[in-house]
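The residues making up each chain are set out below.
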Amino acid sequence: MRSFFHHSSFRIHHSFKRENTMNILIVDDREENRYLLERLLQGNGHTVRQAANGAEAMEILTAGGIDLVISDILMPVMDGFQLCRKVKTDETLHAIPFIVYTATYTGPQDEAFALKIGADRFIQKPCEVDVLLSAINEVMAVGGGRVAEPVQEEEALKLYSERLIRKLEQKMLQAEQELQARQEAEQALRESESRFRLLAETAPVGIIIEDRDQNVLYVSPTCISLCGYAPEETPTMEAWFSLVCPDETLRNRVRAEWAAAVETATKTGVEIQPMEFPVTCRDGTVRDIEFRMSATQDLDFVVLSDVTSRRRAEQALRESERKYRRLAENTSDVVWTADMNLNTTYVSPSVERLVGEPVGLHIQRTMEEKFPADSLNRLYAVFAKELENEKDPACDKNRSRLVEVQHFRADSSTVWVSINISFIRDTTGRPIGLQGITRDITERKQAEQALRESEERYRTILENIEAGYYEVDLAGNFTFFNQAMCQILGYAEDELLGMNNRSYMDDENAKKVFHTFNQVFTSGKTAKAFDWELIRKDNTRCFVDTSIALMRDAENNPVGFRGIARDISEWKQAEAERERLSTQLLQAQKMESVGRLAGGVAHDFNNMLSVILGYTELAMHRVPPHDPLYEDLREILSAAKRSSEITRQLLAFARKQTSSPKVIDLSDTVENMLKMLRRLIGEDIDLAWNPGPGLWTVNMDPAQISQILANLLVNARDAIGGVGKVTIETGNVSFDQDYCEDHNEFLPGDYVVLAVSDDGCGMDRKTRDRLFEPFFTTKEVGKGTGLGLATVYGIVSQNNGFINVYSEPGQGTTFRIYLPRHGGALSTAHQPGPATAPRGTGETILVVEDEAAILKLTQRVLSGLGYTVLTAETPAQALKLAMEHSDRIDLLITDVIMPEMNGRDLADRLNALQPDLKILYMSGYTADVIAHRGILEPGVHFIQKPFSNQDLAKKVKAVLGG
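Treat the numbers as computed from the prediction; the structure is a model and nothing was measured.

### Let's talk about the side chain of glutamate 386
Within the secondary structure layout, glutamate 386 lies in helix α16 (residues 373–389). Glutamate 386 sits in the buried class, given a relative accessible area of 10%. Reaching out from glutamate 386, the side chain makes a polar contact with the side chain of arginine 399 at a distance of 2.4 Å. Once residues within four sequence positions are removed from consideration, glutamate 386 is found in contact with Arg399, Arg401 and Phe423.

As structure tokens, this is what we get:
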């Protein structure tokens with residue numbers, strides 16, 4: 001039955017325990033019965049007192065504080081009937097409920113008698129737990145004990161005597177049966193005596209048999225071996241005792257203790273408890289011997305057990321327990337034990353440091369007072385799970401559970417603790433309690449929380465930065481990365497995790513990356529600003545700028561690499577564009593420098609050519625055409641004009657050629673030049689003309705269109721070198737900002753395009769890069785000046801246009817010239833004037849020129865044409881002459897660039913003196929004083945050096961209004 005009172009019963013009656021807690025007195029002469037009943041009642045929340053007989057029970061009852069009595073009947077000193085009768089007839093005790101719980105008096109008359117003398121319930125042993133607990137509940141629910149029926153003392157004694165007589169009759173019958181059984185037993189004993197002797201001879205314990213006079217009748221071999229004394233040396237127990245216990249003081253103490261034990265056993269009827277004392281053997285060794293004694297009517301049996309090893313083990317265990325208790329009491333961790341109801345039975349002093357209260361107070365705390373609700377529920381769940389596991393016979397008896405929960409402190413704050421829990425077990429392995437170690441992990445939890453918060457901040461930063469963050473192992477496999485890294489490579493997270501770096505780079509970049517990673521691994525130094533090209537998932541390529549740092553574990557061993565990767569593809573493209581623009585800028589600066597040089601040379605050269613042309617024309621007017629000298633003069637004039645054409649090309653390249661722009665239809669202008677252009681390229685080359693419909697107008701000097709086409713077609717003719725085809729096309733085209741961002745050589749806007757294509761030999765990249773440099777030519781020496789395409793470049797730039805060239809070796813060439821669209825109306829066509837030089841009618845002309853030869857020539861030519869000519873070599877002379885001249889001056893002819901003052905400023909000063917003064921500027925090239933980028937301002941008259949006498953005559957007449 002004892003196994004029935006397992007701790008599981010405590011859980012079954014848990015609700016009863018909380019609501020009906022009582023002080024219950026258990027009366028039974030058998031200790032085991034009291035123990036089992038006590039466990040049951042305590043498991044249900046009751047406080048239990050014990051008594052071994054009715055006399056002890058009365059002492060406890062008289063002291064007070066008992067709510068219920070549960071009593072056996074058959075007991076020494078005072079039995080249960082007597083106890084019940086005394087209780088129910090005592091005015092101070094009769095209200096206490098009394099339950100008879102017996103295994104001896106079990107008849108209906110016994111029950112009737114018990115109830116008659118006042119018992120509240122009569123229950124026979126054994127019974128089910130639920131029956132006993134229900135009876136207790138029912139008795140206590142009545143609200144007080146039963147009152148004994150009115151019975152006269154004589155009647156009560158009679159009934160009690162009847163019960164005793166009946167029981168004595170039963171005992172007599174039992175005695176007769178026992179006598180017969182004893183006789184049979186004696187026979188059996190005699191039969192088994194030999195077996196007993198054999199058993200005694202081989203038993204592991206020593207056996208001594210003595211008679212009532214203490215004469216030793218038998219000593220077993222084990223006893224002889226144990227102590228070393230022969231039977232003849234110990235004829236009596238006193239003699240044996242004197243040998244094995246030579247210390248008289250010890251011997252007297254042992255005798256006294258033994259006598260007391262025998263006396264107690266005699267009085268109480270219990271078995272004599274074993275004794276233990278050190279025995280000195282013959283060889284002088286001392287052994288711990290346990291003595292047990294039992295007796296028959298004539299004989300005493302003494303059993304000796306050598307417990308030396310056990311006692312030494314127990315001593316070692318006690319020392320170990322002391323050591324571990326000291327350890328438990330001095331450790332920072334809290335060591336504790338609890339019963340199966342989770343009530344603390346021991347806790348180490350370190351609990352005060354943990355929760356801020358002394359041990360005694362902490363032990364009294366309930367689980368609800370120690371733990372917050374969620375932590376308590378978790379602990380209950382763990383406990384229930386472990387109890388469930390106990391049902392499995394194969395479960396690990398040495399297992400433990402680690403639980404992390406919060407624990408209340410004395411000030412109601414909480415600390416985080418880890419609790420390592422295991423069962424305390426009895427010798428059968430049955431759980432009888434709990435033990436554990438509680439450790440304060442608050443700092444660790446706070447550190448973990450701080451770490452989680454730090455990781456969250458770290459992750460938030462990583463997920464929100466535009467740069468990619470990565471971690472790879474030593475083999476180059478991704479182990480961690482942020483979303484930006486996925487976006488750079490174009491892979492999803494699950495695709496990128498574990499991917500090797502060789503998966504997204506070509507062999508060349510793989511070698512480069514491996515070399516850098518190896519340097520970082522070897523040196524331990526971080527590589528910064530390392531850029532390379534990777535291959536995205538969609539096979540597009542991008543450039544990344546990467547840092548690489550070595551990662552190490554807690555033991556400082558390299559475990560991988562980490563770093564930041566930035567997509568610098570746009571930066572690379574911008575860098576390439578900057579390099580291209582820088583190259584273009586250098587080219588433009590070079591062209592500008594060459595242009596300034598060419599312009600300066602052309603200016604001085606034009607002055608000289610003006611003199612040569614002028615005087616040659618004057619000489620030819622004086623020499624008859626049939627004179628051989630006339631032919632020489634004509635060759636001089638022809639050479640001067642050719643030289644003048646070269647200077648004009650130089651000025652066109654330098655964008656210092658003077659132009660008179662007009663609003664024109666480009667197709668009409670080209671159409672009027674086709675006949676001349678066909679003669680220029682020859683009969684072997686086919687000239688195709690494809691004008692575009694609805695062409696927009698442009699504002700440009702038609703003479704410059706002629707220069708452009710002439711130079712392009714001459715180059716096309718030379719590139720064909722025989723039979724071929726040249727195509728001229730016009731059309732409209734518009735470029736928006738988006739298109740121009742992808743085509744850097746284009747500018748946004750509306751344009752009229754003039755395209756010239758040939759099927760000649762074409763050009764390579766090297767030639768195209770130098771195409772518009774002045775004096776650069778691929779022709780043989782003497783076959784070209786290298787100024788044709790430079791002239792085209794200068795004219796187009798002067799008119800805010802741009803050129804694109806498309807050419808490949810063997811594939812021909814196409815020049816596309818883009819001229820800005822103009823919204824104005826077409827200009828009226830100019831009618832050619834007379835062939836002969838017009839003459840003057842005496843008008844006064846002031847000529848200002850710092851080149852003396854030109855000044856002299858101009859004076860001679862104009863005087864010959866009937867004009868009155870005043871001359872000045874400097875602006876200061878001109879101003880003085882104008883102020884001193886009393887008559888009207890009709891026209892000022894002035895060089896543009898002069899010392900002291902430019903021609904425009906001089907004209908302004910003279911206009912202040914004579915507001916009606918007409919102005920004609922002359923120069924080897926224009927300056928910004930009268931033109932913007934070589935284009936004359938409205939109302940400004942200009943003649944380009946070098947000029948012929950007839951050109952000068954026509955220009956002067958036109959300015960004067962003739």
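### Things to note about a nonpolar patch on the surface
On the surface, a nonpolar cluster with roughly 240 Å² of combined accessible area is contributed by Met608, Ile612 and Ile636. Tracing the chain through its elements places methionine 608 in helix α21 (residues 569–622). Its relative accessible area of 39% is what places methionine 608 among the partly exposed residues.

### Points about helix α3 (residues 31–43)
With 13 residues, α3 extends 18 Å between its outermost C-alpha atoms, agreeing within 8% with the 18 Å of an ideal straight helix rising 1.5 Å per residue. Residues Arg34, Leu36, Leu37, Glu38, Leu40, Leu41 and Gly43 constitute the buried set of α3. Looking one or two places after α3, you find glycine 45, whose phi comes out positive at around 95°.

### Looking at the sheet that holds strand β30 (residues 891–895)
Reading across from one edge, β29-β28-β30-β31-β34 is the order of the five strands in this open sheet, with parallel pairing throughout. The open sheet has two edge strands, β29 (868–872) and β34 (942–944), and neither has a second partner. The sheet shows a mean angle of 20° between the axes of neighbouring strands, direction not considered. Those strands touched by helix α28 (residues 852–864) are β28 (844–848), β29 and β30, and its axis lies near 170° from that of β29.

### Concerning the environment of arginine 311
With respect to the element layout, arginine 311 can be found in helix α12 (residues 308–330). On the basis of relative accessible area, arginine 311 is assigned to the buried category, the value being 18%. Separated by 22 residues in the primary sequence, arginine 311 and isoleucine 289 have C-alpha atoms spaced 9.7 Å apart. Those residues within four positions of arginine 311 in sequence are excluded, and the remaining contacts are Glu276, Asp288, Glu290 and Arg318. Side-chain polar atoms of arginine 311 contact the side chain of glutamate 314, separated by 2.7 Å.

### Some words on the confidence of the model for the protein chain
The predicted model of the protein chain has a mean per-residue pLDDT of 81, with 82% of residues at 70 or higher. Mean pLDDT across the elements of the protein chain bottoms out in helix α1 (residues 7–12) (34) and peaks in strand β13 (residues 401–408) (94). Low confidence marks residues 1–19, where pLDDT is under 50. Its contacts with residues over four positions away, or in another chain, come to 29 contacts. A low-confidence stretch, residues 829–834 stays under pLDDT 50, and its non-local contacts, those more than four residues away or across chains, total two contacts.

### Remarks on the packing of aromatic side chains
A full pass over the atoms with the stated rule returns 14 aromatic pairs. When the ring of tyrosine 751 is compared with that of tyrosine 818, the centres are 6.4 Å apart and the planes differ by 80°; the resulting orientation is edge-to-face. Taken together, the residues tyrosine 751 in strand β25 (residues 749–758) and tyrosine 818 in strand β27 (residues 813–820) connect sequence positions 67 residues apart. Geometrically, the ring pair formed by phenylalanine 802 and tyrosine 818 is stacked, given 4.9 Å between the ring centres and 20° between the ring planes. Of the two residues, phenylalanine 802 is situated in strand β26 (residues 802–807) and tyrosine 818 in strand β27; the sequence distance between them amounts to 16 residues. There is no split in this pair, since phenylalanine 802 and tyrosine 818 are both buried. The cationic tip of lysine 445 hangs over the ring face of tryptophan 416; the distance from NZ or CZ to the ring centre is 4.5 Å. For lysine 572, the ring lying beneath its charged end belongs to phenylalanine 543, and the centroid distance is 5.2 Å.

### Focus: the nonpolar core
Here is a general trend for soluble globular proteins: nonpolar side chains tend to be buried in one another's company. In terms of nonpolar packing, the biggest core is built from 36 residues, with Ile708, Leu709, Ile728 and Ile817 touching the most fellow members. Contributions of two or more residues to this core are made by α23 (666–681), β22 (685–690), β23 (697–700), α24 (702–720), β24 (724–735), β25, α27 (788–798) and β27. No other element matches the seven residues that α24 contributes to this core. Beyond its immediate stretch of four places on either side in the chain, isoleucine 817 contacts Ile708, Leu712, Val752, Val753, Leu754, Val792, Val796, Phe802 and Ile803. Counting residues in hydrophobic clusters, the runner-up holds 27 residues, among them Phe478, Ala510, Leu534 and Leu550.

### Some words on the pairing of β27
Judged by how many residues are buried, β27 sits mostly within the fold: six of eight residues are covered. One ladder, built from eight bridges, connects β25 with β27; its direction is antiparallel. Following the sheet pairing, valine 753 is matched in β27 by tyrosine 818. When β26 meets β27, the two strands line up antiparallel, connected through six bridges. Within the sheet, the bridge partner assigned to isoleucine 803 lies in β27 and is isoleucine 817.

### So, the pairing of β30
Judged by how many residues are buried, β30 sits mostly within the fold: five of five residues are covered. Burial along β30 is two-sided: the residues Leu891, Ile893 and Asp895 and Leu892 and Thr894 are all buried. As paired strands, β28 and β30 are joined by four bridges and run parallel to one another. Bridge pairing links valine 848 to threonine 894 in β30. As judged from the five bridges shared by β30 and strand β31 (residues 918–923), these two strands associate in the parallel manner. Each bridged residue has a counterpart across the sheet, and for isoleucine 893 the counterpart in β31 is leucine 920. One crossover worth recording links β30 to the parallel β31 by way of helix α30 (residues 903–913), and it is right-handed.

### Here we look at unusual backbone geometry
Across the junction of lysine 125 and proline 126, the peptide omega takes the value -15°, indicating a cis bond. Inspection of the secondary structure assignment puts proline 126 in the loop between β5 (121–124) and α7 (129–141). Even without being a glycine, valine 77 presents a positive backbone phi close to 70°. Tracing the backbone through its elements, the reader meets valine 77 in the loop between β3 (68–71) and α5 (80–88). Phi is positive for serine 412, which is not a glycine, with a value near 75°. Classification of serine 412 by relative accessible area gives exposed; the value is 56%.

### Overview of α28
A rise of 1.5 Å per residue sets the reference length of α28, with its 13 residues, at 18 Å; its end C-alpha atoms lie 18 Å apart and thus fit the reference within 8%. Those residues of α28 not exposed but buried are Ile854, Leu855, Leu857, Thr858, Val861 and Leu862. Mapping the buried residues of α28 onto a view down its axis gives an arc of 165°, with all of them on the same face. Glycine 866 occupies a position one or two residues after α28 and carries a positive phi of about 95°.

### Points about the sheet that holds strand β15 (residues 431–440)
With antiparallel pairing, five strands are arranged side by side in an open sheet as β12-β11-β15-β14-β13. Each edge of the open sheet carries a strand with a single partner, namely β12 (344–347) and β13. The sheet shows a mean angle of 30° between the axes of neighbouring strands, taken without regard to direction. Relative to the sheet, α16 contacts β13, β14 (414–425) and β15, its axis offset from that of β13 by approximately 155°. Lying on the sheet, helix α17 (residues 442–464) is in contact with β13, β14 and β15; it crosses β14 at an angle near 125°.

### What about the environment of proline 875?
When you line up the elements, proline 875 lands in helix α29 (residues 875–884). Once the C-alpha coordinates of proline 875 and glutamate 900 are considered, the two residues, 25 residues apart in sequence, prove to be 7.0 Å apart. In contact with proline 875, not counting residues within four places along its chain, are Val848, Met898, Pro899, Glu900, Met901 and Leu906.

### Quick look at the packing of α28 against helix α31 (residues 949–960)
The interhelical angle for the contact between α28 and α31, taken along N-to-C directions, is 65°, at an axis separation of 11 Å. It follows from the interaxial angle that α28 and α31 lie roughly perpendicular. Read as a crossing pair, α28 and α31 show a hand that is right-handed. Contact with α28, carried on its side by Thr858, Val861 and Leu862, involves Asn949, Leu952 and Val956 of α31 and no other residues of that element. Split into classes, the residues belonging to the contact of α28 with α31 amount to four nonpolar, two polar and no charged.

About the cut-offs
- Residues numbered from 1 in each chain as written.
- Predicted model: local features only at pLDDT ≥ 70, side-chain atom pairs only at ≥ 80, totals over all residues.
- Heavy atoms only, no water.
- Helix = DSSP H or I, 4+ residues; strand = E, 2+ residues; numbered from the N terminus.
- Buried < 20%, exposed > 50% of the residue type's maximum accessible area, 1.4 Å probe, protein only.
- Polar contact = N/O pair within 3.5 Å; in protein donor to acceptor, adjacent residues only side chain to side chain.
- Contact = heavy atoms within 4.5 Å.
- Patch = residues over 30% accessible without salt bridge, like charges linked within 9 Å, V, L, I, M, F, W, Y side chains within 5 Å.
- Areas by Shrake-Rupley, 256 points an atom, 1.4 Å probe, with all protein chains shown as cover.
- Salt bridge = Lys/Arg side-chain N within 4 Å of Asp/Glu carboxyl O.
- Expected span 1.5 Å × (residues − 1).
- Pairing = 2+ DSSP bridges.
- Axes fitted to C-alpha atoms, helices over the stretch in contact; angles between N-to-C directions.
- pLDDT = per-residue confidence, 0-100.
- Phe/Tyr/Trp six-rings, centres within 6.5 Å; stacked < 30°, edge-to-face > 60°.
- Lys NZ or Arg CZ within 6 Å of the ring centre and 35° of its normal.
- Core = buried A, V, L, I, M, F, W, Y, C linked by side-chain atoms within 4.5 Å.
- Right-handed = clockwise from strand over helix to strand, strands pointing away.
- Arc of directions from axis to C-beta.
- Parallel < 35°, antiparallel > 145°, perpendicular 65-115°, else oblique.
- Left-handed = near helix turned anticlockwise from the far one by under 90°.
- Nonpolar A, V, L, I, M, F, W, Y, C, P; charged D, E, K, R; others polar.

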